[in-house]
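Structural overview for review
So you can see what is in the structure, the chains are spelled out below.
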Amino acid sequence: MPDNPLSLRIGLFVPCYVDQFYPGAAIATYQLLTKLGMDVTYPENQTCCGQPMANSGFEHLTDGCNTLFIDQFSEFDYIVSPSGSCVLHVKEHLKDKKQPEMAIGIRKKVYELVEFLVDILGVQELNASFPHKVGLHQSCHGQRGLMLSQMSELAAPFYSKPLQLLKLVKGLELVELSREDECCGFGGTFCVAEEAVSVKMGKDRLKDHLSHGATFITGSDMSCLMHMEGILKRDGSKVQVLHIAEILNAE
Amino acid sequence: MAIEAGKQTHSELAGGFNADEQRVDWHDETLWWIRQKRDKAAHGIPEWELLRETASQIKNNVLSGLAAYLENFEARALENGIKVHWAADAAAHNQIVYRILKEKEVTQLVKSKSMLTEECHLNTFLEEKGISVIDSDLGERIVQLAKEPPSHIVLPCIHKKKEEIGELFHEHLGTAAGESDPQVLTEAARQHLREVFLTSKAALTGVNFAIAETGEFVVCTNEGNADLGAHLADVHIASMGIEKIIPERAHLGVFLRLLTRSATGQPITTYSSHFKKPAPGQEIHLILVDNGRTEHMGREDFRASLKCIRCGACMNTCPVYRRSGGHSYHYTISGPIGAILAPNLDRKKYADLPFASTLCGSCSNVCPVKIDIHQQLYKWRQVIVQEGHADLAKKLSMKGMSLLLSSPSAYRIAGKSGRWLLRHAPFAMNNKFNPWYKQREMPAPPEQSFSEWYKKMKK
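Per chain, residues are indexed from 1 in the order of the written sequence. As they are written, the chains are lettered A onward and the ligands numbered 1 onward, keeping that order. In view of the model being predicted, local features appear only for residues whose pLDDT reaches at least 70, and side-chain atom pairs are presented and counted only at 80 or more, with totals across whole chains, interfaces and linings using the full set of residues.

An unreviewed UniProt entry lists chain B under the name L-lactate dehydrogenase complex protein LldF, with Pedobacter antarcticus given as the organism.

Per an unreviewed UniProt entry, chain A is named Fe-S oxidoreductase, and its organism is Pedobacter antarcticus 4BY.

Right under this line is the structure:
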């Protein structure tokens, strides 16, 4: 942990769809960081990082989002967000012709929640309890983009930052999966542009979790969970999705 | 995405493939099994990641000095007695093959696997000229009998079940009706192909690696069909893309160790055959084909895809490929690598392919030469949109979204009214015009957004 974490000013970056549809994930993130002694501020004029446009081939239309993002977040020591995907987008694509150094500065200080807790705060214990069987969904942008955990394709030693944190939660029983890091098929606009394949991918991922007895599915990206939740609800399943922040914050 | 009028997009073709869910499961599980075999083979050698890095750097070096390597290769090959031809495009390649065959009065060509000749559509060209072409790779022969293109570069008929192959063989090779035992079917194909090998005066093979230092080339097969064809025929024609060069023979070991471990999980192909000089009384013709590769090399963001050694690992690992089938990519090379190669040739026709991905990145991780496949998919999306190949509805919705998200107040109003609408008039979104809703429920709209909660909490 840094010498005096209380002196760190954290800008909380809440993805647009989390703000609108999954406030619980953002509230848990805010409360968790506050419990850990952080000075957390939510800049109230933030909207979206621009990823939905950029991944659809319209990166050239993200200037407005980029400028707004820089304007909202440049003052903080760290920017933390409960989304690997949005953070990866900012890290790889945030730019501003008029103030390029500001964009680069932000790229270097933006963190996904799990990596912030593990790499910056070095969290070793949590006062959290969640006595349920949980399946961990590895969202691709967090895993392969931000390297939150080792990837099954690589011949390299195992590690997993989300697992490290979930192991600190009392009573939580993690289920094993047959395919530990296969994509769920959300993929941004892919989920509607390639509806058939997207849903099939989601169904297959869910089958893996459900057949191994998960009663909750968690992950560090709400978008993947939203997609899988949509399928679960349509099937009338009782299995629930929860953002990892909500489990780490559960008492 | 706008593609040619009357042609189906990847999404539409994949939708068709998904009409039979059991088949999708079977296709997915078959290819996943191969991915697992790949993992076992790759993770079994401690220097795997170093091998990938080495191969990547050798290929980077090749691309940065391709002209000199090609000239070197040509000079050595000529010294060895190989006849070397240069083809600027597919048409030139096909003409060269035809000229050679015509001169030798050949009417039947036996061909081992060559994705390049698929790319050039050589079979149809020669058949129109009255020359019959018989593919001797078993999978290729099966799709040839079915009059289909291959659906996978290493496993051309992976989309076909053994019962379907049994039916084809019954119709074309006279096996018993209902016979689907792989051993019986393979034996029937062996006997049929043996006849072709013995009666063909000319054989065509692909090229996996061409060595600049020695002027030899290497063809990798599991069935030995390239060797049988090439050794029994008077004329051996080898077609290669100009990017297949490697500088030295010593580099070959790196690639041979990577190629089949990545492709099928085997330590090496059953046959890795070196062709250096023609046997007495025989001729070897080697055709160096550009067909857009030089132009491709000029595109800095996309150059690295020329490093591809055609192992197919990116297809086997791709969760989209496994659930959409190779034919949904409507290009000679399917899967993630096909989706980044195709736009080099035609951005309009293949405008949909870079979007047939969730950008999960698994392809880049299995690639034995470390091509940044998913990054290129992202970059092609930008190029395709900038060149005007996105459809109008998408352009308008993206413009609208961009305006909305650039204004905090507009965003807040839209969010609030959207949630209100979903709560009070769910039918506005829960209908057949919303592709999300077809098989998924919409998320439950909360009373207040996070920003509303935060504002109240801070008061």
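1. Quick word on the interface of chain A and chain B
Here, residues touch in the contact sense if the C-beta positions derived from the backbone fall within 7 Å of one another. Contacts between the two partners involve 59 residues from chain A, matched on the other side by 58 residues from chain B. The numbering of helices and of strands both runs from the N terminus, where a helix is a DSSP run of H or I of at least 4 residues and a strand a run of E of at least 2. Top contributing element to the side of chain A that touches chain B by residue count: helix 12 (residues 222-234) of chain A, with 7 residues. By residue class, the composition of the side of chain A that touches chain B is 32 nonpolar, 15 polar and 12 charged. Nonpolar residues are Ala, Val, Leu, Ile, Met, Phe, Trp, Tyr, Cys and Pro. Charged residues are Asp, Glu, Lys and Arg, and all others, Gly as well, are polar.

2. Focus on the nonpolar core
Counting 197 residues, the largest nonpolar core has A:Val80 and B:Phe217 as the members making the most contacts within it. With residues up to four places along the chain from it excluded, the contact list for B:Phe217 reads B:Val207, B:Phe209, B:Ala210, B:Ala238, B:Met240, B:Phe275 and B:Leu286. What makes a nonpolar core is a set of buried Ala, Val, Leu, Ile, Met, Phe, Trp, Tyr and Cys residues, with links drawn between C-beta atoms within 7 Å. Three exposure classes are used. Buried residues have 20 or more other C-beta atoms within 10 Å of their own C-beta, exposed residues have 12 or fewer, and partly exposed residues fall in between, all C-beta atoms being placed from the backbone.

3. Observations regarding the pairing of strand 4 (residues 202-205) of chain B
Regular strands show a simple pattern: their side chains alternate between the two faces of the sheet. Residue and element names in this part refer to chain B. Burial of the side chains of strand 4 extends over both faces: Ala-202 and Leu-204 are buried on one face and Ala-203 and Thr-205 on the other. Paired strands, in this sense, are two strands between which DSSP finds at least two bridges. Sheet topology places strand 2 (residues 108-111) next to strand 4; 3 bridges connect them, and they run parallel. Bridged to Lys-111 within strand 4 is Leu-204. Bridging between strand 4 and strand 7 (residues 235-241) involves 4 bridges; their strand directions are parallel. Bridge assignment links Thr-205 to a residue of strand 7, and that residue is Ala-238.

4. Concerning helix 11 (residues 225-232) of chain B
Those residues of helix 11 of chain B not exposed but buried are B:Asn225, B:Ala226, B:Leu228, B:Gly229 and B:Ala230. If you follow the buried residues of helix 11 of chain B, they end up packed against strand 2, helix 10 (182-199), strand 4, strand 6 (216-221), strand 7 and strand 9 (271-275) of chain B.

5. Here we look at the sheet that holds strand 5 (residues 209-211) of chain B
Residue and element names in this part refer to chain B. If you walk across this open sheet you meet the 4 strands as 8-5-6-9, and the pairing is mixed. Both outer strands of the open sheet, strand 8 (245-246) and strand 9, are each paired with one neighbouring strand and no more. As paired strands, strand 5 and strand 8 are joined by 2 bridges and run parallel to one another. Counted as the bridge partner of Ile-211 is Ile-246 from strand 8.

6. Examining unusual backbone geometry
Of note in this structure, A:Met147 is not a glycine but carries a positive phi near 55 degrees. Here A:Met147 is to be found in the loop between helix 8 (140-145) and helix 9 (161-166). You can call A:Met147 partly exposed: it has 13 C-beta atoms within 10 Å. Positive phi outside glycine occurs at B:Asn291, with the angle close to 45 degrees.

7. Thoughts on the sheet that holds strand 4 of chain B
Residues and elements named next belong to chain B. Judged by pairing direction, the sheet is parallel, and its 6 strands sit side by side in the order 1-10-7-4-2-3 without closing on themselves. Looking at which strands have only one partner, the edges of the open sheet turn out to be strand 1 (83-87) and strand 3 (132-135). Across the sheet, the mean angle from the axis of one strand to that of its neighbour is 25 degrees, orientation sign disregarded. Bridge count between strand 1 and strand 10 (residues 283-289): 5 bridges; the pairing is parallel. Bridge pairing in strand 10 places Val-84 opposite Leu-286. Note on geometry: axes are lines fitted to C-alpha atoms, helical ones only across the stretch in contact, with angles between N-to-C directions running from 0 to 180 degrees.

8. Concerning the domain arrangement of chain B
Residue and element names in this part refer to chain B. According to the domain assignment, chain B consists of domain 1 (10-34 + 295-386), domain 2 (45-291) and domain 3 (392-458). A separation of 22 Å is found between the C-alpha centroids of domain 1 and domain 2. At the interface, 24 residues of domain 1 touch 25 residues of domain 2. Elements supplying a minimum of two residues to the side of domain 1 that touches domain 2: helix 2 (21-43) and helix 14 (313-317). In terms of residue count, the dominant contributor to the side of domain 1 that touches domain 2 is helix 2 (4 residues). In terms of residue class, the side of domain 1 that touches domain 2 is made up of 12 nonpolar, 8 polar and 4 charged. Domain delimitation in this document rests on an assignment produced automatically or drawn from a domain database.

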